[in-house]
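This is what each chain is made of:
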Amino acid sequence: MYAQQVDTGAKRLKNLEEMSPEERHFQEKVDAEVRIEPKNWMPEGYRKTLIRQISQHAHSEIVGMLPEGNWLTRAPTLKRKLQLMAKIQDEAGHGLYLYSAMETLGADRDEEIEKLHRGEVKFSSIFTYPTLTWADMGAIGWLVDGAAIVNQVPLQRCSYGPYARAMIRVCKEESFHQRQGYEILLTMMREGTDEQKAMVQDAINRFWWPSLMMFGPSDANSPNSAQSMAWKIKRHGNDELRQRFLDQTVPQLEFLGCTAPDPDLKWNEETGHYDFGEIQWQEFFDVLKGHSPCGVERIQQRKSAIDEGQWVRDAAVAYARKQKQKAKSAA
Amino acid sequence: MADWTLYEVFVRSKHGLNHKHVGSVHAADAQMALENARELYTRRSEGVSLWVVPAEQITASAGDEKEPFFDPTDDKVYRHASFYKLPPEVDQM
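Residues numbered from 1 in each chain as written. Chains lettered and ligands numbered in written order. Predicted model: local features only at pLDDT ≥ 70, side-chain atom pairs only at ≥ 80, totals over all residues. Heavy atoms only, no water.

Trainee: Just checking my understanding: could you explain the layout of surface pockets for this structure?
Mentor: If a probe the size of a water molecule is rolled over the atoms, the empty space left behind becomes visible. What the largest pocket holds in volume is close to 1500 Å³. What lines the largest pocket is a set of 38 residues, and nearest its centre among them are R165 of chain A together with E8, H21, V22 and G23 of chain B. Every element with two or more residues in the lining of the largest pocket is listed here: α4 (78-103) and α7 (161-191) of chain A together with β1 (5-12) and β2 (19-27) of chain B. Residue contributions to the lining of the largest pocket peak at seven residues, all from α7 of chain A. Taken together, the residues that form the lining of the largest pocket break down as 16 nonpolar, nine polar and 13 charged. (1 Å grid on protein atoms, 1.4 Å probe; cavity = no way out; pocket = protein on both sides within 12 Å on 5 of 7 lines; lining within 4 Å. Points joined across faces, edges and corners; volume = space filled by probe spheres on them. Helix = DSSP H or I, 4+ residues; strand = E, 2+ residues; numbered from the N terminus. Nonpolar A, V, L, I, M, F, W, Y, C, P; charged D, E, K, R; others polar.)

Have a look at this one:
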């Protein structure tokens, strides 16, 4: 998921009798699948949870441009370069839809970005990994965007209207991302040299487990998760979504002619799902704590993008002011 | 970006349809808002016309649906065609 370990401030769920009249009215609306809109009354915890989740989601989209940007100038053909550029521009767009949705909750965009740069809030663990070869562009599009889709599809029915509507736009665009990624890998496997095929397998080996970690650790006993579910911000548990992603991905993996770096991965006739090996969560927690190959570098790049772009924004404001004055004196 | 204006964006998706609200952008001026909105909301020919309006220029009715603002029309069933029962002989009016 692009937003991981979101804190709701809840220790346990309140029942309807324990709620204030306002809270009860709110919860009944949510239960009846009525969307909550910016000016409607909402519990402070709901507002804060959404700001945390949407800002983390937005930051992830923006930071997610960096690992791919790494390969823009080295794309193998002009066609691939244009496709990658279009995908990266989409990610910027997704970040902007999400920041706008976040602002409807009263959060300030500059302030939330500052928090990211100060390390107070996170972006998705997946974007802290380096992109070492061109095959990584394929693996990211296919696996990372694929996992993101599985996560974002239910968010289209999130109880908060602006977030849900942003997700509808995002999901429409993500399917292009996933297909272009898979096509990169398919082309390398069909037409590539042995070395290029090995590159595909290597990229899958590196991105396989981190993609499964994107859904976050099991949240079966988490009060945060229970609260997010009751508010219908979240619709499915992390394990359920991870399994859904795995079940749809393994046949695609086999069609590629590649393998997963998981000796325990096998079809389970009884459950109708794929079984898989144990996830090494220590790596995930280390990454969230900042011990990751590229975590620090990504934030530095974001900071310098903002700092080095300051003169452009200043110039735009100066130009706008000048035009306004011109129009005034002409009138 | 705090000193930039927030503009609401409306897109006409096809000739003959009305403009529909799609989201918002920040910009230093209206021209820039139009260009940002084009990049953000019409990357896949989603529109043939764009409006941008400073968000602070929009006057909105109060937020909660319990609000009595819309009440006056709720009891005027005679404003709907279905209120008027016609004899079967002239049913297709």
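Having seen the structure, we can now continue with the description.
Trainee: What am I meant to see in the nonpolar core here?
Mentor: Proteins that are soluble and globular tend to have nonpolar side chains buried together. Core analysis: the biggest nonpolar cluster contains 94 residues, and Y46, Y160, Y163, W208 and L256 of chain A have the highest contact counts within it. Ranked by size, the runner-up nonpolar core spans five residues in total, among them A316 and V317 of chain A together with W4 and A28 of chain B. (Core = buried A, V, L, I, M, F, W, Y, C linked by side-chain atoms within 4.5 Å. Buried < 20%, exposed > 50% of the residue type's maximum accessible area, 1.4 Å probe, protein only.)

Trainee: Explain the pattern of salt bridges to me, please; I cannot follow it from the model alone.
Mentor: Between side chains of opposite charge, a pair can form when the charged atoms approach closely. Under the counting rule described, the total for this entry stands at 25 salt bridges over all chains. Among the ionic pairs, R43 of chain B bridges to D90 of chain A, the shortest N-O distance being 2.8 Å. One end of the pair, R43 of chain B, is in the loop between α1 (30-41) and β3 (49-54); the other, D90 of chain A, is in helix α4, on a second chain. Among the residues examined, D90 of chain A registers a relative accessible area of 1% and is labelled buried. Here E39 of chain B ties to R38 of chain B by a salt bridge, and the two come within 3.2 Å at their closest N and O atoms. Residues participating in the shared-partner salt-bridge network are E33, R35, K232 and R235 of chain A. (Salt bridge = Lys/Arg side-chain N within 4 Å of Asp/Glu carboxyl O.)

Trainee: I would appreciate a short explanation of the interface of chain A and chain B in the present structure.
Mentor: Interfaces are often sized by the accessible area lost when the parts come together. Tallying the contact residues gives 22 residues for chain A and 22 residues for chain B. Between chain A and chain B, the buried area comes to about 1800 Å², and carbon and sulfur atoms account for 47% of it. Across the contact surface, chain A and chain B share four salt bridges. Ionic pairing is found between R44 of chain B and D90 of chain A, a salt bridge with its closest N-O pair at 2.4 Å. Counting the contacts that link chain A with chain B gives ten residue pairs in polar contact (both at pLDDT 80 or more). (Contact = heavy atoms within 4.5 Å. Buried area = accessible area lost by both parts, 1.4 Å probe. Polar contact = N/O pair within 3.5 Å; in protein donor to acceptor, adjacent residues only side chain to side chain.)

Fair warning: the whole summary comes from geometry, so function is off the table for now.
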